[in-house]
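Listed below, chain by chain, are the residues.
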Amino acid sequence: MSLVYNWQINRKMEYPHAEHHPERQFAFVFNLNRCIGCQTCTMACKSTWTFSKGQEYMWWNNVETKPYGGYPQSWDVKLLKMLDEADTSGKRAWNGDTFEGMTIFEAAQKHIGENSQRVLGYLPTDEEWRFPNIYEDSPIGPEGTKGNFHKEGVHLPSHKTWFFYLARICNHCTYPACLAACPRHAIYKRPEDGVVLVDQERCRGYRKCVEACPYKKAMYRPSTRVTEKCIACYPRLEGKDPETKGQPMETRCMAACIGQIRLQGLVQTNTDSGWAEDRYNPLYYLIKVAKVALPLYPQFGTEPNGYYIPPRWVPRAFLKQMFGPGVDHAIDTYMVPDRELLAVQQLFRKSNRIIFKYRIEEGPKVFETEIHGKPFTLYNDTIIAYDKAGEEIFRTQVEEPFYVRPDKHQNSI
Ligand code: SF4
Ligand code: SF4
């Protein structure tokens, strides 16, 4: 075991390999306040990568309904329970920004024994993989019963009756549990973009990765007897799509998103210490500066590179278990955005090309008001997005353009 620094839990932790980072890291931000559960992302992925024999139950991208749904069923509830039972230290919790409980690597070493299992995990049953969105649209009610709508209705900031859609793909973790568990060294993290891949030639189908991945995003294919997983559409990241003339392009699931919840990028990293400061990269801004986007279950310890703007109507205790201690700040900031955050939000899904930098040109004040007792001013700023080569991809404004159709036009009857 080595000691590696995990910034999401604000401490060093034990991991089977030495700390090393790629030149850039594949990362994404999903705004859960916007997801409509349409599954367009799910089908974009399926029709590209997992439409063949033996892949029938394989959904590299899935959108599940929380709190009851999960693919595989109850994946997070099961692991949280296992961690709880394994960690007898009595800490198990966050102390400010520091997670003092045990990660899945530490729990395996201390309570199972390094030789038998490197990562605390479990192998889901075949039944548990059957549905990508079981309990679709089932809300939780006041007595914790499904579909029990509260008589008094709902109130912001948190609803008494609630559910939300959680879109998920492989997080291309900084410290992948799948990689740590593989006895064949068949899983590797690409040095150029941090994408985690399975070498299909080396894999022997032992399913140690399926057992170890806390997010259950490594999947066994019975027809070939090897593991497959999300490959981050790497030919698109490499700019091989003819449409982009060599410039990196977002993955299929990102590009297809109807709700405009997704923004994906390749963040700059230092090979010895992780994230490098890149102030005007939109992901760096959302995650490290505004801190509105948070990792999913950071306490597992893999340092996932998927980040979420938490849904504002969901009880905070549930969200804190899922996204860590930054939830209050993230939601408060999102609900009353400042000028820069409002402008950066306009970058979501305006292009399929990966945005490496943005610039804001200040525009006129449109109006001012109060939101939740805090002053809010809307400016019609222009935000300009640049690709890897520094070329402008597009520019857009905070206020959507307003068109008035003429009385007579071609489609008039
Ligand atoms: S989400 Fe799972 S499969 Fe993906 S890199 Fe992390 S541990 Fe591996
Ligand atoms: S396409 Fe976008 S809005 Fe639709 S389910 Fe997927 S993430 Fe949600």
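Here goes a summary of the coordinates provided. Treat the numbers as computed from the prediction; the structure is a model and nothing was measured.

On to the site of ligand 1. Around ligand 1 lies a shell of 14 residues, among which Cys 170, Cys 173, Pro 176, Cys 178 and Cys 213 are the nearest. Across the shell around ligand 1, the residue classes break down as nine nonpolar, three polar and two charged.

All right, on to the nonpolar core then. The biggest cluster of nonpolar side chains holds 102 residues, and the ones touching the most others in it are Val 29, Ile 104, Val 119, Cys 178, Cys 209, Ala 293 and Tyr 308. If near-sequence neighbours (up to four positions away) are discounted, Cys 178 is found in contact with Ile 187, Val 196, Cys 209, Ala 212, Cys 213 and Ala 218.

Around ligand 2, the surrounding shell holds 16 residues, and the nearest of these are Cys 35, Cys 38, Cys 41, Cys 257 and Gly 259. Looking at the shell around ligand 2 residue by residue, the classes come out as 11 nonpolar, four polar and one charged.

Attention shifts here to helix α1 (residues 40–49). At 3.6 residues per turn, the α-helix brings residues three or four places apart onto the same side. Here α1 has its buried residues at Cys 41, Thr 42, Cys 45 and Lys 46. Down the axis of α1, the smallest arc covering the buried residues is 130 degrees, so these residues share one side. Against β4 (62–66), β7 (164–168) and α7 (252–255) lie the buried residues of α1.

What follows covers the sheet that holds strand β20 (residues 392–397). Strands in a sheet are paired, the pairing made by backbone hydrogen bonds, and the direction either parallel or antiparallel. Strand order across the open sheet formed by three strands is β16-β19-β20, with antiparallel pairing between neighbours. Looking at strand neighbours, the two that pair on one side only are β16 (357–361) and β20, the edges of this open sheet. Neighbour-to-neighbour, the strand axes of the sheet open up by a mean angle of 20 degrees, direction not taken into account. Bridge analysis of strand β19 (residues 382–386) against β20 gives five bridges, and the strand direction is antiparallel. Within β20, the residue paired with Tyr 386 across the bridge is Glu 392.

All right, on to helix α10 (residues 327–335) then. Along α10, the residues classified as buried are Ala 330, Ile 331 and Tyr 334. Buried residues of α10, viewed axially, fall in a sector of 90 degrees; they line one side.

The next point concerns the environment of Leu 120. Tracing the backbone through its elements, the reader meets Leu 120 in the loop between α3 (104–111) and β7. What makes Leu 120 buried here is the crowd of 28 C-beta atoms within 10 Å. The sequence separation of Leu 120 and Lys 66 amounts to 54 residues, and the corresponding C-alpha distance is 23 Å.

Let us look at unusual backbone geometry. Cis peptide bonds are those with omega within 30 degrees of zero, and the linkage from Lys 66 to Pro 67 qualifies with 15 degrees. Looking at the element boundaries, Pro 67 is found in the loop between β4 and α2 (75–86). In this structure, the amide linkage connecting Tyr 71 to the following residue, Pro 72, adopts the cis form with an omega of -5 degrees. Note on placement: Pro 72 falls in the loop between β4 and α2. Not every positive phi belongs to a glycine, and Glu 303 is a case in point at roughly 50 degrees. The backbone of Arg 349 sits at a positive phi, close to 60 degrees, despite the residue not being glycine. Mapped onto the fold, Arg 349 is located in the loop between α11 (339–345) and β16.

Spatially, β13-β12-β3-β15-β14 is the arrangement adopted by the five strands of the open sheet, whose pairing is mixed. Where the open sheet ends on each side, the last strands, each with one partner, are β13 (274–275) and β14 (294–295). Where strand β3 (residues 24–31) meets strand β12 (residues 262–270), seven bridges bridge the pair, whose relative direction is antiparallel. Counterpart to Phe 26 in the pairing with β12 is Leu 266. In the packing of helix α8 (residues 282–289) onto the sheet, the strands contacted are β3, β12, β13 and β15 (306–309), and the crossing angle to β12 comes to about 85 degrees.

Basis of the calculations
Residues numbered from 1 in each chain as written. Chains lettered and ligands numbered in written order. Predicted model: local features only at pLDDT ≥ 70, side-chain atom pairs only at ≥ 80, totals over all residues. Near = placed C-beta within 6 Å. Nonpolar A, V, L, I, M, F, W, Y, C, P; charged D, E, K, R; others polar. Core = buried A, V, L, I, M, F, W, Y, C linked by C-beta atoms within 7 Å. Buried ≥ 20, exposed ≤ 12 C-beta atoms within 10 Å, placed from the backbone. Contact = placed C-beta atoms within 7 Å. Helix = DSSP H or I, 4+ residues; strand = E, 2+ residues; numbered from the N terminus. Arc of directions from axis to C-beta. Pairing = 2+ DSSP bridges. Axes fitted to C-alpha atoms, helices over the stretch in contact; angles between N-to-C directions.

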